[in-house]
Amino acid sequence: MLLVKMKRIAIFGALPTSTNMGVQALAYSSYYIIEKALQELNIEGQISFRDDLSLHTILDYYERKIEVDVLPSYVGQGLRGLARRIKHWRGYNKALNVDIVFDITGGDSFTDIYGDERFNNMCLVKEHYKKHNVKYVLLPQTIGPFSSKNALRAKQIMQKCEFVFARDAQSMSKLKEYKIEKSKELIDVAFFLPFVKKDKFNIDKKIHVGLNISALLWNGGYTKDNQFGLSLDYKKTILELISYFLSQEEVVLHLITHVIGFSYDDVENDYSICKKIYEEYNSNRMRLAPMPYNPIEIKSYISRLDFFVGARMHATIASFSTGVPVVPMAYSRKFNGLFIDTLGHEYLADLKKDDQSKVIKTIKRAFDYRDSIAKKQKSTIETLVEEKKQLIIESVKEILIEC
């Protein structure tokens, strides 16, 4: 039996209090993976989360409640940084009093596709902890893409990490390009988020289809000017999809929220868009899924569907991992790298390459072949995904022993 002193562990880049259910899913799943590794090693661990501010919260984790601290990860530079350091000095000092940080960077935020400000903030946190000689590990996530001006900084950060995990083949190729030796390709940890198994919705003999509408894409990104360079009109594509599914008499269409936003008119608020569409159509074959309380709740809801289409990464992962045939609507290479290169998934609507006609055709074809897609997904879950789960746990165990 291995006996090691208590490990003080921090998780950065995913909060259990986020308004984004995907980010919450990463928080819950990261916690689960680390806790599982600690238990198997018989190591006592103290796990806390890191973000901008110090607060105490409750992680409502699969029918049990766990108290966690959320401590300031980085307080900034200059006079503003000094003011925040004074205001949060207890939390700031406690935040640095840690043996190792497991950083998941929101799953896809170690890149500059969301703008230089977010990229800079993500880098500052990593540099901050390494400056104080804290052991640092990047959990499975998308690596890049980076513009030429940011690539060197990203490379230098990763070279200083104890280990870097990629969640897909394309990200792994980027690590090889940067010659990051302590690296490994695994898979998104949200595949292992638990859910409550309930009966399918189709007891009414209907086909229940889930459509996750991304408010971020609906609004043109944070800049509201087609920030992600889509090759089609996202709004028109969604409305055509709705018309198609409602034209199928056997279909009940569920509008699925996966990001709530900080306010009703937030550019990220899926629920406000879904509710508006639901009220406008006023159809007895359309359902507005409840606003999610946590990622386990929404994953459990998605698991009861018969088919799913979505543009939120972790909504599509929830679908795939519960065996519901899915067509991801990809707006960045994170989808292509995970679903095509890693999972070998055949049906993906590429919003950056395909026109509206091709996207609709892909989704219609997948809907027709949903039973065969479900069988292939089930096989992938039982083999590749389960194998990756064990690899993640074993990899985290090795890191905990070494650090």
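Structure shown above.
Residues numbered from 1 in each chain as written. Predicted model: local features only at pLDDT ≥ 70, side-chain atom pairs only at ≥ 80, totals over all residues. Heavy atoms only, no water.

A. Region of interest: the overall build of the protein chain. The secondary structure content of the protein chain amounts to 14 helices and 14 strands. The C-alpha radius of gyration computed for the protein chain amounts to 21 Å, which stays within 12% of the reference 22 Å derived for 403 residues, consistent with globular compactness. C-alpha extents for the protein chain along the principal axes are approximately 60 × 50 × 40 Å. Among the 403 residues that make up the protein chain, the fraction classed as buried is 60%. Counting only contacts in the protein chain whose residues sit at least 6 apart along the sequence, the fraction spanning at least 24 positions is 68%. As displayed, the protein chain has an accessible area near 17600 Å², and 49% of this comes from carbon and sulfur atoms. (Helix = DSSP H or I, 4+ residues; strand = E, 2+ residues; numbered from the N terminus. Rg over C-alpha atoms; globule rule 2.2 N^0.38 Å. Buried < 20%, exposed > 50% of the residue type's maximum accessible area, 1.4 Å probe, protein only. Contact = heavy atoms within 4.5 Å. Areas by Shrake-Rupley, 256 points an atom, 1.4 Å probe, with all protein chains shown as cover.)

B. Up close: a nonpolar patch on the surface. On the surface, a nonpolar cluster with roughly 340 Å² of combined accessible area is contributed by Leu 79, Leu 82 and Ile 86. Here Leu 79 lies in helix 2 (residues 78-87). The class of Leu 79 is exposed, set by a relative accessible area of 72%. (Patch = residues over 30% accessible without salt bridge, like charges linked within 9 Å, V, L, I, M, F, W, Y side chains within 5 Å. Salt bridge = Lys/Arg side-chain N within 4 Å of Asp/Glu carboxyl O.)

C. Quick peek at empty space enclosed by the protein. Tallied over the full model, the rule gives one cavity of 30 Å³ or more. Each pocket or cavity is described by its volume, and for the largest cavity that value is around 60 Å³. If you go around the largest cavity, the residues you meet are Ala 25, Ala 190, Leu 193, His 258, Pro 295, Ile 298, Lys 299, His 314, Ile 317 and Ala 318. (1 Å grid on protein atoms, 1.4 Å probe; cavity = no way out; pocket = protein on both sides within 12 Å on 5 of 7 lines; lining within 4 Å. Points joined across faces, edges and corners; volume = space filled by probe spheres on them.)

D. Up close: the sheet that holds strand 14 (residues 349-350). Spatially, 11-10-9-12-13-14 is the arrangement adopted by the six strands of the open sheet, whose pairing is parallel. In this open sheet, the two edge strands, each paired with only one partner strand, are strand 11 (286-288) and strand 14. Strand direction decides the pairing type here: strand 9 (residues 207-212) and strand 12 (residues 307-310), joined by four bridges, are parallel. Considered in strand 12, the bridge of Leu 211 is made with Val 309. Sheet contacts for helix 12 (residues 333-342): strand 13 (326-330) and strand 14; angle to strand 13, the most-contacted strand, approximately 150°. (Pairing = 2+ DSSP bridges. Axes fitted to C-alpha atoms, helices over the stretch in contact; angles between N-to-C directions.)

E. Main features of the layout of surface pockets. Taken as a whole, the largest pocket spans an internal volume of roughly 1500 Å³. Along the wall of the largest pocket there are 50 residues; nearest its centre are Asp 51, Asp 52, Ser 109, Arg 118 and Met 122. Secondary structure elements with two or more residues in the lining of the largest pocket: helix 1 (21-41), helix 2, helix 4 (116-131) and helix 11 (313-321). For the lining of the largest pocket, the leading source of residues is helix 4, giving eight residues. Of the residues that constitute the lining of the largest pocket, the class distribution is 18 nonpolar, 19 polar and 13 charged. (Nonpolar A, V, L, I, M, F, W, Y, C, P; charged D, E, K, R; others polar.)

F. Broad picture of the environment of Arg 8. Tracing the chain through its elements places Arg 8 in strand 1 (residues 7-12). Given the relative accessible area of 25%, Arg 8 is considered partly exposed. As a C-alpha pair, Arg 8 and Asn 97 span 89 residues in sequence and 7.8 Å in three-dimensional space. In this structure Arg 8 touches Gln 46, Asn 97, Val 98, Asp 99 and Ile 100, once residues within four positions along its chain are discounted. There is a polar contact of 2.3 Å between the side chain of Arg 8 and the side chain of Asn 97. (Polar contact = N/O pair within 3.5 Å; in protein donor to acceptor, adjacent residues only side chain to side chain.)

G. Quick peek at the packing of aromatic side chains. According to the stated counting rule, one finds 19 aromatic pairs in the structure shown. Pairing Phe 110 with Phe 146 gives two aromatic rings, centres 5.3 Å apart and planes at 70°, and the pair type is edge-to-face. Here Phe 146 lies in the loop between strand 6 (135-141) and helix 5 (148-160) and Phe 110 lies in the loop between strand 5 (100-103) and helix 4, a separation of 36 residues in the sequence. In terms of burial, Phe 110 and Phe 146 fall into one category: buried. When the ring of Phe 201 is compared with that of Tyr 301, the centres are 5.0 Å apart and the planes differ by 55°; the resulting orientation is tilted. Linking Phe 201 in the loop between strand 8 (183-185) and strand 9 with Tyr 301 in helix 10 (residues 295-302), this pair joins segments that are 100 residues apart in sequence. Phe 201 sits in the buried class, given a relative accessible area of 15%. (Phe/Tyr/Trp six-rings, centres within 6.5 Å; stacked < 30°, edge-to-face > 60°.)

H. View of the environment of Cys 403. When you line up the elements, Cys 403 lands in the segment after helix 14 (370-402). Taking the relative accessible area as the measure of exposure, Cys 403 reaches 22% and is therefore partly exposed. Excluding its chain neighbours within four sequence positions, the residues that come into contact with Cys 403 are Lys 7, Ile 100, Lys 135 and Glu 162.

I. View of the pattern of salt bridges. By the definition in use, this model includes 17 salt bridges. Put simply, Arg 167 and Asp 188 hold a salt bridge, and the shortest N to O gap is 2.5 Å. Here Asp 188 lies in the loop between strand 8 and strand 9 and Arg 167 lies in the loop between strand 7 (163-166) and helix 6 (169-177), a separation of 21 residues in the sequence. Like Arg 167, the residue Asp 188 is buried in the burial classification.

J. Highlighting the packing of helix 11 against helix 12. It is at 11 Å that the axes of helix 11 and helix 12 come closest, and there the two elements cross at 15°. Taken together, the axis directions place helix 11 and helix 12 in an arrangement best described as roughly parallel. Like other packed secondary-structure pairs, helix 11 and helix 12 cross with a definite hand, here right-handed. In this structure, helix 11 contributes Met 313, Thr 316, Ile 317 and Phe 320 to the contact, and helix 12 contributes Lys 334, Phe 335, Leu 338 and Phe 339. Along the lines of polarity and charge, the residues of the contact of helix 11 with helix 12 split into six nonpolar, one polar and one charged. (Parallel < 35°, antiparallel > 145°, perpendicular 65-115°, else oblique. Left-handed = near helix turned anticlockwise from the far one by under 90°.)

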